Amino acid sequence: MHPFRIEACVETLQQAVHAQAMGAHQIELCTQLDQDGLTPSRALIRQVMAAVDLPVKVMIRPRPGNFVYSRDDREAAIRSVCLCLEEGIGRIVTGALTPDGHLDLDWITALAACGDDLRITVHKAIDACQRPLEEVRNLTQISSVDSILSSGGAATARAGAPVLREMITVSGDRLTIIAAGRVTFENIHDVHDLIGASVYHGRRIVPGLL
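The following refers to the structure shown. (Residues numbered from 1 in each chain as written. Predicted model: local features only at pLDDT ≥ 70, side-chain atom pairs only at ≥ 80, totals over all residues. Heavy atoms only, no water.)

So, the overall build of the protein chain
Next up, step 1: Counting secondary structure elements, the protein chain contains seven helices and eight strands.
Next up, step 2: The C-alpha radius of gyration of the protein chain comes to 16 Å, within 12% of the 17 Å expected for a compact globule of 210 residues.
Next up, step 3: Principal axes of the C-alpha set define a box for the protein chain whose edges measure 40 × 40 × 30 Å.
Next up, step 4: Among the 210 residues that make up the protein chain, the fraction classed as buried is 50%.
Next up, step 5: Contacts in the protein chain between residues far apart in sequence, at least 24 positions, make up 64% of those at least 6 positions apart.
Next up, step 6: Averaging the locations of the 20 positively and 25 negatively charged side chains of the protein chain gives two centres separated by 1 Å. (Helix = DSSP H or I, 4+ residues; strand = E, 2+ residues; numbered from the N terminus. Rg over C-alpha atoms; globule rule 2.2 N^0.38 Å. Buried < 20%, exposed > 50% of the residue type's maximum accessible area, 1.4 Å probe, protein only. Contact = heavy atoms within 4.5 Å. Lys, Arg positive; Asp, Glu negative; His and termini not counted. Charge placed at Lys NZ, Arg CZ, Asp CG, Glu CD.)

This is the structure:
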């Protein structure tokens, strides 16, 4: 039994079913991973929810490109969150930046207001921030946020290990740091020895996923 949990990033029904069969503990559901993940369709959400017994998180990202969003983008994201809640999804993955490069806490708070039981993972937008540890402290003040997906500001979790370890320390028992960035079923134990996270995320986190 692993000393950590495995979060599989998937974009199809077949990948979700395979991830469950190969031992993933939870799923992040996206579409268009070639664009680093966008909000999936209602049809795909329904299919995956009917086919797997794992906790499913849905990516809330209204368009490709940067993470500085307009009012229209925010309204589109809120509609997507409401759709998720209607489909029985209480966990989302999102993130946004202000023009000056901080996490957009107003964006996160607005989405959190969509449902009292909503649980939010803030994604790798945090890795574009200049002071990620300060951002972690800020996120501890938003009750709906329960985890952060990060590669420690680096291209890979391995390269970002020093920052990820600091993030884990700063977050304490309040937030779960989900380590990501080219974590695969082949290197996950080595990466875990470096970081010591409780959850790891990846597109190839279980064999045969891609």
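Section: the sheet that holds strand 8 (residues 199–202)
Next up, step 1: Spatial ordering of the closed barrel is given by 1-2-3-4-5-6-7-8, a layout of eight strands whose pairing is parallel. Each strand axis lies, on average, 25 degrees off the axis of its neighbour in the sheet, ignoring direction.
Next up, step 2: With four bridges connecting them, strand 4 (residues 91–94) and strand 5 (residues 119–122) associate as parallel partners. Paired with V93 across the two strands is T121, which belongs to strand 5.
Next up, step 3: On top of the sheet, helix 7 (residues 188–195) reaches strand 1 (5–10), strand 7 (176–179) and strand 8; it is set at about 135 degrees to strand 8, its chief contact. (Pairing = 2+ DSSP bridges. Axes fitted to C-alpha atoms, helices over the stretch in contact; angles between N-to-C directions.)

Focus: the environment of D72
Next up, step 1: If you trace the backbone, D72 turns up in helix 3 (residues 71–86).
Next up, step 2: By relative accessible area, which is 57% here, D72 ends up exposed.
Next up, step 3: Along the chain, D72 and L139 lie 67 residues apart, while their C-alpha atoms are 24 Å from each other.

Some details on the nonpolar core
Next up, step 1: Residues L139, I195 and Y200 are the most contacted members of the largest nonpolar core, which totals 58 residues.
Next up, step 2: Counting residues per element, this core draws most heavily on helix 4 (residues 105–112), at four residues.
Next up, step 3: Once residues lying within four places of it in the same chain are set aside, the contact partners of Y200 are F4, R5, I6, E7, I178, A179, V183, I188, V191, H192, I195 and I205.
Next up, step 4: Counting five residues, the second largest nonpolar core, distinct from the first, contains C9, C30, M59 and V93. (Core = buried A, V, L, I, M, F, W, Y, C linked by side-chain atoms within 4.5 Å.)

As for the packing of aromatic side chains
For any two aromatic rings, the description comes down to two numbers: the centre-to-centre distance and the angle of the planes.
Next up, step 1: Here the structure, examined in full by the defined rule, presents two aromatic pairs.
Next up, step 2: On the numbers, 5.2 Å between centres and 80 degrees between planes, the contact of F4 with Y200 is edge-to-face. On the criterion of sequence distance, the pair formed by F4 in the segment before strand 1 and Y200 in strand 8 is long-range, its members being 196 residues apart.
Next up, step 3: Here F4 falls in the buried class, since its relative accessible area comes to 4%.
Next up, step 4: You can call Y200 buried: its relative accessible area is 0%. (Phe/Tyr/Trp six-rings, centres within 6.5 Å; stacked < 30°, edge-to-face > 60°.)

Overview of the pattern of salt bridges
Next up, step 1: Under the criterion given, the structure shown has seven salt bridges.
Next up, step 2: Ionic pairing is found between R42 and E86, a salt bridge with its closest N-O pair at 2.5 Å. Of the two residues, R42 sits in helix 2 (residues 42–51) while E86 sits in helix 3, which places them 44 residues apart along the sequence.
Next up, step 3: The exposure class assigned to E86 is exposed, which follows from its relative accessible area of 56%.
Next up, step 4: The partner of E186 in a salt bridge is R204, and the shortest N-O contact between them spans 3.3 Å. Taken together, the positions of E186 in the loop between strand 7 and helix 7 and R204 in the segment after strand 8 put the pair 18 residues apart, joining distant regions of the chain.
Next up, step 5: Judged by relative accessible area, E186 falls into the exposed class, the value being 57%.
Next up, step 6: The exposure class assigned to R204 is partly exposed, which follows from its relative accessible area of 35%.
Next up, step 7: Linked by salt bridges that have partners in common, R42, R46, E86 and E87 make up one network. (Salt bridge = Lys/Arg side-chain N within 4 Å of Asp/Glu carboxyl O.)

Comments concerning the environment of C84
Next up, step 1: By the secondary structure assignment, C84 is in helix 3.
Next up, step 2: Contact partners of C84, with chain neighbours within four places excluded, come to I45, V58, I60 and I89.

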